[in-house]
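In case you want the letters, here they are:
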Amino acid sequence: MNAQQARAPAGIELVTVQLEEEVADRGRAWVEAPVWEVVERVQHAQRLEAGSSVAVVLVVPDAEPGSSAPMLSAAIAGLRGLLHSLALEVGEHVTLNLVVCKRHQRAELRETLEYLASDDASWVQGATLDLREAGCQ
Amino acid sequence: MSVIVTGAAGAMGAAIVRDFVEQGKRVIAQDVREIGAIGEGVVAVEGDLRDRLCLERLRGEVETSGLEAVIAAHGTFAGSGPLEKLERESTQRLMEINFSVIPRLLDALLEPLGRRRGVVVVIASQAALRGEPSNSVYSASKWALRAWAEAMDARLREQSGVRVRTICPGRTLSPLLNDALDNFARVEGITREEYEQRCFSLIPARRFGKPEEIAAAVRFLVAPAPRPNVLAIDGGEVPW
């Protein structure tokens, strides 16, 4: 089982988007498509009950050639901008955050989702929690 | 095994100490101010981090017990303010307290931290993620702290397994925030409640943070596993 197949702990709704390694048009597949996919999957957020939490998880390839780095940065930045903007729209009663991880980081992802699902994290809003460690990207 | 918390007499520092005590940790609590009774197992070190003797005392306290985490939760606003009121001496003091003592603190504690592949968490501010008018020097100190922490994390993780992470809290309930809200409301010529409502209009979560929420974020970040290098916890006020 990998990060894409992680289950959401109680109290948090999970929206997982995976960037596939083998694609010809990364601008479209990595940057354009995920924005619409996330929009479509969180459009119900304003109807969620107060105190609900949604985590968008962007699963990036474990190893990517350096030439993909600019497009990967664009993909992450696009979703950051989207999530923070959506948080401004729905933020009073629903928390929306972005988690970025590599495919193999299942354990760290689970721990991060448990934190975000807890009452202690209800002030983490519109934030990006990037679990890739520098030098490992 | 011990943890060190600086700024332990402040609202955030005290909440972090209490959280570690609840986890059964031995806590070394440092502050330049008097540290009241915080809990069982807390060793109070009252001293100034700019003083070499204070650093030596902290190092001595963990020599035999080992050190798994250092939480730098101290800081000051004194010395920041509008451009025309900035003064050299207070500006330098602010930069020293908010930034320069932390590399020196890490130097003093790196060896015991490295033995346990420990974690350093620095408490910066949402002012480390954006510029703030009338708060430029404070912002400079916190931007510098975040940048230093990110660079040190990359270096130390490879060298010794030590991780360095940053929390950027937004407006968090404390006596300091309380005074600031009163002052800003007075300056603006509006009531405290009106000023709070103005603040809430900028915060998607429509409330201030609680020190306990910062303590919980520290608990999340001190794990010896991949975690965000920078965690903004501010109700969504700053896009990060």
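Structure's up top.
Keep in mind the model is a prediction, meaning the values are calculated, not measured. (Residues numbered from 1 in each chain as written. Chains lettered and ligands numbered in written order. Predicted model: local features only at pLDDT ≥ 70, side-chain atom pairs only at ≥ 80, totals over all residues.)

1. Quick word on the nonpolar core
All names here are of chain B. In this structure, I71 and I167 are the most contacted members of the largest nonpolar core, which totals 112 residues. Considering each element in turn, this core owes the most residues, 10 residues, to helix 3 (residues 88–115). In this structure, I71 is in contact with V3, I4, V5, T6, I16, V121 and V218, ignoring residues within four places of it in sequence. (Core = buried A, V, L, I, M, F, W, Y, C linked by C-beta atoms within 7 Å. Buried ≥ 20, exposed ≤ 12 C-beta atoms within 10 Å, placed from the backbone. Helix = DSSP H or I, 4+ residues; strand = E, 2+ residues; numbered from the N terminus. Contact = placed C-beta atoms within 7 Å.)

2. Observations concerning the sheet that holds strand 2 (residues 26–31) of chain B
All names here are of chain B. Read across the sheet, seven strands follow the order 3-2-1-4-5-6-7 without closing on themselves; strand pairing throughout is parallel. Unpaired on one side and paired on the other, strand 3 (42–46) and strand 7 (230–233) mark the two borders of the sheet. Recorded for the sheet is a direction-independent mean angle of 15 degrees between the axes of neighbouring strands. Bridge analysis of strand 2 against strand 3 gives five bridges, and the strand direction is parallel. Across the sheet, A29 pairs through a bridge with A44, a residue of strand 3. On top of the sheet, helix 4 (residues 136–159) reaches strand 5 (119–123), strand 6 (163–169) and strand 7; it is set at about 155 degrees to strand 6, its chief contact. (Pairing = 2+ DSSP bridges. Axes fitted to C-alpha atoms, helices over the stretch in contact; angles between N-to-C directions.)

3. What to know about the packing of helix 2 (residues 52–61) of chain B against helix 3 of chain B
Residues and elements named next belong to chain B. Contact pair helix 2 / helix 3: the axes reach a minimum separation of 9 Å and the direction vectors enclose 35 degrees. The interaxial crossing formed by helix 2 with helix 3 has right-handed handedness. Between helix 2 and helix 3, the contacting residues are L55, L58 and R59 on the first element and R104, L105, A108 and L109 on the second. A class-by-class count of the residues in the contact of helix 2 with helix 3 yields five nonpolar, no polar and two charged. (Left-handed = near helix turned anticlockwise from the far one by under 90°. Nonpolar A, V, L, I, M, F, W, Y, C, P; charged D, E, K, R; others polar.)

What is shown is where atoms sit, not what they do.
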